[in-house]
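# A look at the structure
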Amino acid sequence: MKLTTSALPQTTCAELLQERVRNMKRIKVMVIAPYEGLRETVAAVAPQFRERLDIVTTLGDRYTGGVQAKEAESQGYDILVSRGRTAEIIRQNVSIPVIDIEISGYDYMRAIKLAENIQGKKAFVGFTNITKRAESINALLRTNVDIFTVRSSEEISPLLKRLTAQGYELIIGDVATCREAEDLDIHCLLLTSGEESLTNAFENVITWTDSYETSTQQLHLLRQVVAASAEQVMVLQEDGDILYRSMTLAASGLSTQELMEFAKNGSFQDGREVVLPMEEKTLYVTFRRLTLNGMDCYVFYFREVLLQKNNTNTGITVRNFKAEPAGRDFVRQTSIYDQNVLQTARSFCASNRPILLTGDTGVGKTDMAVAIHRYSDRWMRPFVHVDCAMVDFESLASWLLQCGRTLREGATICFEYLESIDRRGQRRICEILKSMESEKWWFIATASPQIQQSAHNGDFDELLFRFFSQLSLYLPNLVQSHKDLQKIINLYIIEANIRLGRQITGLDEAALELVGRHHWQYNFAELQQAVYQMVLICEGPFIRAEDVRATLMAREIVPMGVSLPLDGSLEEIELRVIQKVLDEEKGNLSRTAERLQVGRSTLWRKLRKTDA
């Protein structure tokens with residue numbers, strides 16, 4: 001009997017490939033993204049790899065990525081994916097593979113092209129592996145970006161300070177460079193990774209896994225053994241080099257030098273446990289000395305106990321800054337304020353007297369307060385932010401009376417929305433502030449421009465107003481600032497690109513004209529929000545006029561289908577509208593104020609009338 005090909009089952013190459021894919025092991029991948037926009041790029045690329053990869057993305061940088069990587073390892077992830085210095089740190093903390101997200105030529109060209117929109121001197125700062133490529137792209141595009149190479153993270157901050165002193169207005173670099181630039185309040189443009197780079201990284205994940213599946217299984221076993229341990233371990237050589245660690249140095253809060261000093265100065269004896277109190281935990285450390293191949297090794301076993309956190313007052317937060325900015329000029333504020341405003345603000349940095357910052361909603365009063373604190377001699381002290389529209393009087397008074405026992409002397413205390421303090425409590429707050437020794441504390445307040453008239457009319461306590469207005473500064477709104485609108489918008493585009501993982505390079509002339517004609521009721525804050533939305537919806541490399549129109553139309557409040565009784569006084573009708581929107585926003589004052597296009601302090605005062 002002769003068989004013909006038609007008698008055999010017909011199996012296509014595509015079907016054979018699909019069957020092979022179904023039989024392959026699915027790979028659990030965690031992407032640790034050093035910046036928020038990378039997470040959005042991963043989401044765009046991941047669907048094309050869903051047959052093989054289970055991808056989860058989390059935010060983490062060179063300081064937190066190691067801890068997140070250890071947790072991912074204990075949860076059974078097969079491979080980690082990250083970028084640059086963060087990937088290097090992660091690789092030191094885990095035994096599972098770490099795949100790098102390379103920076104493609106497209107990424108360099110997008111960054112350098114976007115930088116052309118910013119006037120002034122520009123610098124590209126990074127390690128050799130990225131500056132070599134940047135030099136090639138820079139030469140190809142014939143741009144005026146100066147390139148500087150560093151060999152260690154410690155070199156970045158001093159270099160940025162020198163560049164700022166030399167008049168550079170924009171820094172381009174990787175996450176490490178931009179993090180230092182942000183700490184120093186220098187404008188920065190992050191060299192982001194596009195979809196091409198993410199695609200290559202995930203293809204490398206599949207290639208690596210297929211080639212080393214046996215080794216991966218062994219690593220799973222080792223991971224389970226480490227996870228079963230109740231203590232974290234770190235093994236150091238006699239010269240302080242790390243042989244092994246199951247935790248990051250950041251998690252321990254100690255440096256290798258400190259550990260070796262413990263081991264060599266007799267603070268530790270074999271088997272002795274030392275208790276080290278830290279900010280939010282107590283660390284118990286046990287030491288052992290071992291010999292490995294004739295070499296002395298020091299093994300440290302760490303066990304930590306978290307301290308119970310004290311309940312904090314709603315509306316009161318404490319911030320700390322790790323680095324003093326370069327120079328004495330307010331880099332971030334130069335984009336929106338003129339030199340007279342900045343010079344006055346700079347002069348306040350040398351004073352201990354209370355400061356009152358006034359201005360319309362959205363002009364950045366609290367940002368200016370932070371800048372004054374950071375550029376003063378108190379920059380290393382805590383900056384306490386008190387939202388007077390959220391905190392109640394009793395809690396605020398109690399906290400102020402006790403802060404001497406809970407806060408380090410010399411802290412700056414900033415009262416935002418000062419006019420929102422209950423009228424009956426304003427005099428009591430004034431008495432408390434006067435009783436606190438002024439040389440040990442620094443008081444700053446922000447308020448609307450009408451607070452002076454309110455104090456004159458008796459609607460606000462005059463003594464409290466006079467206490468804070470010993471030094472006063474009015475911050476102009478968007479119309480009064482007379483600054484380069486296009487430059488401000490381009491800086492907002494850079495920030496939005498980093499957060500959203502986009503590569504928008506600017507806006508066209510028609511779009512700029514529309515933005516310039518629009519009345520921005522909430523000034524710089526509203527403009528920044530709108531630019532963020534334009535970047536989000538933009539489909540090309542440039543923001544167009546239709547993107548601006550769509551954004552402005554979407555942001556208009558048009559009450560549809562709202563049925564409210566119209567009887568009663570105008571004030572009563574107004575309160576019904578406020579309560580309706582407040583209910584829809586589930587009691588969130590900030591979102592309610594934004595929808596009604598009023599300041600949060602104004603909304604707070606109107607609501608308090610119902611309790612009187």
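As a reminder, the structure under discussion sits directly above these lines.
In this text the structure is predicted, and so the values were computed from the model without any measurement. (Residues numbered from 1 in each chain as written. Predicted model: local features only at pLDDT ≥ 70, side-chain atom pairs only at ≥ 80, totals over all residues. Heavy atoms only, no water.)

### With respect to empty space enclosed by the protein
Counted under the stated rule, the structure contains two cavities of 30 Å³ or more. Roughly 110 Å³ of volume is contained in the largest cavity. Lining the largest cavity are 14 residues, with Leu114, Leu189, Leu190, Thr192 and Asn497 sitting closest to its centre. Elements with a minimum of two residues in the lining of the largest cavity: α5 (105-115), β8 (188-190) and α20 (485-500). The greatest single-element share of the lining of the largest cavity, amounting to four residues, is contributed by α5. Considering only residue class, the lining of the largest cavity consists of seven nonpolar, four polar and three charged. (1 Å grid on protein atoms, 1.4 Å probe; cavity = no way out; pocket = protein on both sides within 12 Å on 5 of 7 lines; lining within 4 Å. Points joined across faces, edges and corners; volume = space filled by probe spheres on them. Helix = DSSP H or I, 4+ residues; strand = E, 2+ residues; numbered from the N terminus. Nonpolar A, V, L, I, M, F, W, Y, C, P; charged D, E, K, R; others polar.)

### As for the pattern of salt bridges
Pairing is possible between side chains of opposite charge, provided their charged atoms come close. In total, this model carries 19 salt bridges according to the counting rule given. Between arginine 428 and glutamate 431 there is a salt bridge, and its shortest N-O distance comes to 3.7 Å. Taken together, the residues span about one helical turn, with arginine 428 and glutamate 431 both in helix α16 (residues 423-435) at a distance of three residues. Using a relative accessible area of 43% as the deciding quantity, one classes glutamate 431 as partly exposed. For the salt bridge of arginine 544 with glutamate 546, the shortest nitrogen-to-oxygen distance reads 3.3 Å. A relative accessible area of 40% places glutamate 546 in the partly exposed class. In this structure, a network of salt bridges that share partners links the residues Asp107, Arg110 and Glu196. (Salt bridge = Lys/Arg side-chain N within 4 Å of Asp/Glu carboxyl O. Buried < 20%, exposed > 50% of the residue type's maximum accessible area, 1.4 Å probe, protein only.)

### Considerations on the sheet that holds strand β7 (residues 168-173)
The strand order β6-β5-β7-β8 describes an open sheet built from four strands, whose pairing is parallel. Of all the strands in the sheet, the pair left with one neighbour each is β6 (145-149) and β8. On average, adjacent strands in this sheet sit at an angle of 25° to one another, irrespective of strand direction. Bridging between strand β5 (residues 121-126) and β6 involves five bridges; their strand directions are parallel. (Pairing = 2+ DSSP bridges. Axes fitted to C-alpha atoms, helices over the stretch in contact; angles between N-to-C directions.)

### Details of the pairing of strand β9 (residues 232-237)
Regular strands show a simple pattern: their side chains alternate between the two faces of the sheet. The buried fraction of β9 amounts to five of the six residues, a majority that puts the element mostly inside the structure. Once β9 ends, the chain turns through four residues before running back antiparallel as strand β10 (residues 242-245), passing glycine 240 with a positive phi of about 95°.

### Some details on the side chain of glutamate 419
The residue glutamate 419 is located in the loop between β17 (412-416) and α16 in this model. Overall, the relative accessible area of 11% leaves glutamate 419 in the buried class. Engagement of the side chain of glutamate 419 in a polar contact is seen with the backbone nitrogen of serine 448, the distance being 3.3 Å. (Polar contact = N/O pair within 3.5 Å; in protein donor to acceptor, adjacent residues only side chain to side chain.)

### Regarding the sheet that holds strand β1 (residues 27-33)
With respect to topology, four strands assemble into an open sheet ordered β2-β1-β3-β4, the strand pairing being parallel. Across the chains shown, the open sheet's two edge strands, defined by having one partner strand only, are β2 (53-59) and β4 (98-100). The mean angle between the axes of side-by-side strands here comes to 25°, regardless of whether they run parallel or antiparallel. Sheet topology note: the strand β3 (residues 79-82)/β4 ladder contains three bridges and is parallel. Of the residues in β4, the one forming a bridge with valine 81 is isoleucine 99. Packing against the sheet, helix α3 (residues 65-74) makes contact with β1, β2 and β3, and its axis sits at approximately 165° to β1. Along the sheet, helix α9 (residues 195-211) contacts β1, β2, β3 and β4; its crossing angle with β3, the most-contacted strand, is approximately 155°. (Contact = heavy atoms within 4.5 Å.)

### Regarding α20
Compared with an ideal rise of 1.5 Å per residue, which puts 16 residues at 22 Å, α20 spans 22 Å between its outermost C-alpha atoms and is within 8% of the ideal. All of the buried residues in α20 are Ile488, Ile489, Asn490, Leu491, Tyr492, Ile493, Ile494, Ala496, Asn497, Ile498 and Leu500. Directly after α20, the chain includes glycine 501, whose backbone phi takes a positive value near 70°. (Expected span 1.5 Å × (residues − 1).)

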